[in-house]
Structure formats: structure tokens, C-alpha cells
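These are the residues of each chain, in order.
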Amino acid sequence: KAGVTQTPRYLIKTRGQQVTLSCSPISGHRSVSWYQQTPGQGLQFLFEYFSETQRNKGNFPGRFSGRQFSNSRSEMNVSTLELGDSALYLCASSLGTGSEQFFGPGTRLTVL
Amino acid sequence: AQSVTQLDSQVPVFEEAPVELRCNYSSSVSVYLFWYVQYPNQGLQLLLKYLSGSTLVKGINGFEAEFNKSQTSFHLRKPSVHISDTAEYFCAVKVVGGGSYIPTFGRGTSLIVHP
């Protein structure tokens with residue numbers, strides 16, 4: 001069974017631009033969560049989607065948004081990029097809320 | 001709210017030596033506890049988890065952890081490490097119950113195994 005895939009793996013953007021990251025969960029998994037990982041703040045939860053509905057949201061500004069499609073694939077969008085948005089963005093999928101999460105390799109975003 | 005403290009940011013050790021990575025948590029309610037490993041340029045992989053029952057939990061790659069409720073600790077141990085164990089290790093806690101599987105992560109401990 002294929003694992004969680006994230007595209008692209010690496011991304012370089014400039015301040016003020018916007019970016020969209022994609023996550024394909026393990027087949028059959030309906031829950032997708034997004035995390036931001038930085039050296040200073042560690043792993044921070046962004047949001048969780050289940051069956052196309054946002055179930056939980058972390059403490060991030062409105063510039064960070066996401067969505068989930070009917071096939072459970074999820075996208076995360078960051079608008080008006082700031083230097084501090086440079087991070088590794090991790091996606092995790094699970095069968096449902098309360099189930100074990102499986103992480104993808106991440107997308108490393110660099111904002112110049 | 002719950003929190004996790006990983007007491008060491010970096011742990012250097014020689015190959016075949018034993019290692020312990022420390023984790024303490026704070027929570028006013030019952031919790032589930034987890035250890036994850038992250039190899040360079042990869043996502044997180046679950047090493048082991050404590051949900052209930054025996055306080056000694058065995059995981060993959062020869063790792064084990066012991067849940068100590070009185071000391072609110074969940075330290076990770078391995079009796080003999082390999083070079084390939086060099087990675088970042090994260091302790092995480094999740095409140096028991098509720099409909100979400102959103103854990104709170106510690107800042108991570110970098111395990112560096114020297115030959």
C-alpha cells in the first residue's frame with residue numbers, strides 16, 4: 001500500500017506570493033492533518049480535515065487555509081507569504097479521527 | 001491544556017552503547033503517549049505508543065518506553081544503538097477521549113550516534 005505523498009517536495013517563493021501544497025493520503029484514509037515544523041517552534045498543528053470538512057484548527061492566521069476533496073486528497077494554501085513561513089509542512093493521514101496518523105515526507109517551503 | 005517537555009535537545013552516544021531520551025508531560029486529564037522518529041528529509045514514523053495496560057511498551061527497531069504516571073514521564077530507551085538510529089525523536093501526548101487525534105509534540109531530541 002502506498003504511503004502518504006506530498007507534492008512538491010521543495011518550493012522556493014518570495015514574500016507576498018501565495019503557495020499551494022498538496023497531500024495524497026493512504027488509500028482508504030479519510031482524515032488528513034497538516035503540521036508546520038520549524039527549528040524555533042517545533043511541530044505545530046495547522047488543521048485537520050475529515051470527509052471534506054474541517055474538524056479542527058490550530059492557532060494560525062487566516063492566511064493559512066486548506067481544503068479536502070471527495071477523494072480525500074487535501075491541499076493547503078498560504079497567501080501573502082512571509083519570511084517566517086519558511087518551514088517543513090507535514091501532512092498526516094488516518095482512517096478516521098482517533099486513529100493512528102501516518103506522515104508524509106513533507107514539503108520544504110523557503111520564502112525569500 | 002497538555003504540554004510535553006523533552007529535556008535534552010541533543011544526545012550524543014557511541015555505537016552499541018545504551019541510550020535514554022527523556023520526556024515529561026503535563027496534563028490535568030488522562031493522556032495517551034507516543035514516540036516518533038524523523039530521519040533526515042523524511043516525515044515522522046511512529047516508534048511506539050502507550051494507550052493503556054502495561055506501562056512498559058515495546059516498539060520498532062528495538063526501542064522501548066516506560067510510562068510513569070507518578071513522575072509524569074515517558075522515557076525512551078534502547079539497550080544498544082546503531083549508527084542508523086541517528087535521527088530526531090519526538091515525544092507526543094494526546095488527551096484521552098474526544099473526537100480528534102491531534103497530539104501535542106515536544107521540541108524533539110536529536111540522537112547522534114558516533115562510531
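Rules used throughout
- What you see as residue numbers is a count from 1 along each chain, following the sequence as written.
- Just so you know, chain letters begin at A and ligand numbers begin at 1, following the order they were written in.
- Two thresholds apply to this predicted model, a pLDDT of at least 70 for residue-level local features and 80 or more for giving and counting side-chain atom pairs, whereas whole-chain, interface and lining totals are computed over all residues.
- Note: side-chain values were computed over all heavy atoms of the structure, leaving out hydrogens and water.
- Working rule for contacts: check all heavy atoms of both residues, and any pair within 4.5 Å makes them a contact.
- Joining two parts hides part of their accessible area as seen by a 1.4 Å probe, and the buried area is that hidden amount summed over both.
- Just to be clear on terms, a salt bridge is a Lys or Arg side-chain nitrogen sitting within 4 Å of an Asp or Glu carboxyl oxygen.
- Here a helix means four or more residues in a row that DSSP labels H or I, a strand means two or more in a row labelled E, and each is numbered from the N terminus.
- Only when DSSP finds a minimum of two bridges between them are two strands counted as paired.
- Working definition: a disulfide is two cysteine sulfur atoms within 2.5 Å of each other.
- Residue burial is assigned from relative accessible area. The probe radius is 1.4 Å, only protein chains are included, and a residue is buried under 20% of its type maximum, exposed over 50%, and partly exposed in between.
- pLDDT is a per-residue confidence score from the predictor, ranging from 0 to 100.

1. Observations concerning the interface of chain B and chain A
Point 1. With 16 residues of chain B in contact, the opposing surface of chain A contributes 22 residues.
Point 2. For the pair chain B and chain A, the summed buried area comes to about 1500 Å², and 54% of that belongs to carbon and sulfur atoms.
Point 3. Linking chain B with chain A are 1 salt bridge.
Point 4. The partner of Lys49 of chain B in a salt bridge is Glu100 of chain A, and the shortest N-O contact between them spans 3.5 Å.
Point 5. Residue assignment for the side of chain B that touches chain A shows that the elements contributing at least two residues are strand E5 (31-38) and strand E6 (44-50) of chain B.
Point 6. Here the element with the most residues in the side of chain B that touches chain A is E6 of chain B; it accounts for 3 residues.

2. Quick word on the pairing of strand E6 (residues 53-57) of chain A
Point 1. Of the strand pairs in this sheet, strand E5 (residues 42-50) of chain A and E6 of chain A are connected by 4 bridges, and their pairing is antiparallel. Bridge pairing links Glu48 of chain A to Asn56 of chain A in E6 of chain A.

3. Topic: the state of the cysteines
Disulfide: a covalent bond connecting the sulfur atoms of a pair of cysteines.
Point 1. All told, the structure shown has 2 disulfides over all chains when counted by the stated rule.
Point 2. Paired through a disulfide, Cys23 of chain A and Cys91 of chain A show a sulfur-sulfur distance of 1.7 Å. When the S-S torsion is -55°, as for the bridge of Cys23 of chain A with Cys91 of chain A, the disulfide is left-handed. Here Cys91 of chain A lies in strand E9 (residues 87-94) and Cys23 of chain A lies in strand E3 (residues 19-24), a separation of 68 residues in the sequence.
Point 3. On the basis of relative accessible area, Cys23 of chain A is assigned to the buried category, the value being 0%.
Point 4. Owing to a relative accessible area of 0%, Cys91 of chain A belongs among the buried residues under this scheme.
Point 5. Note on cysteine connectivity: Cys23 of chain B is disulfide-linked to Cys91 of chain B, with sulfurs 2.0 Å apart. Measuring the twist about the S-S bond at about -65°, one finds the Cys23 of chain B-Cys91 of chain B disulfide to be left-handed. Here Cys23 of chain B is found in strand E4 (residues 23-26), whereas its partner Cys91 of chain B is found in strand E10 (residues 87-95), with 68 residues between them in sequence.
Point 6. Here Cys23 of chain B falls in the buried class, since its relative accessible area comes to 0%.
Point 7. Assessed through its relative accessible area of 0%, Cys91 of chain B is described here as buried.

4. As for the confidence of the model for chain B
Point 1. Per-residue pLDDT for chain B averages 92, and the proportion of residues at 70 or more is 97%.
Point 2. Here strand E11 (residues 104-105) of chain B stands out as the element of chain B with the lowest mean pLDDT, 91, in contrast to strand E3 (residues 19-21) of chain B, whose mean of 98 is the highest.

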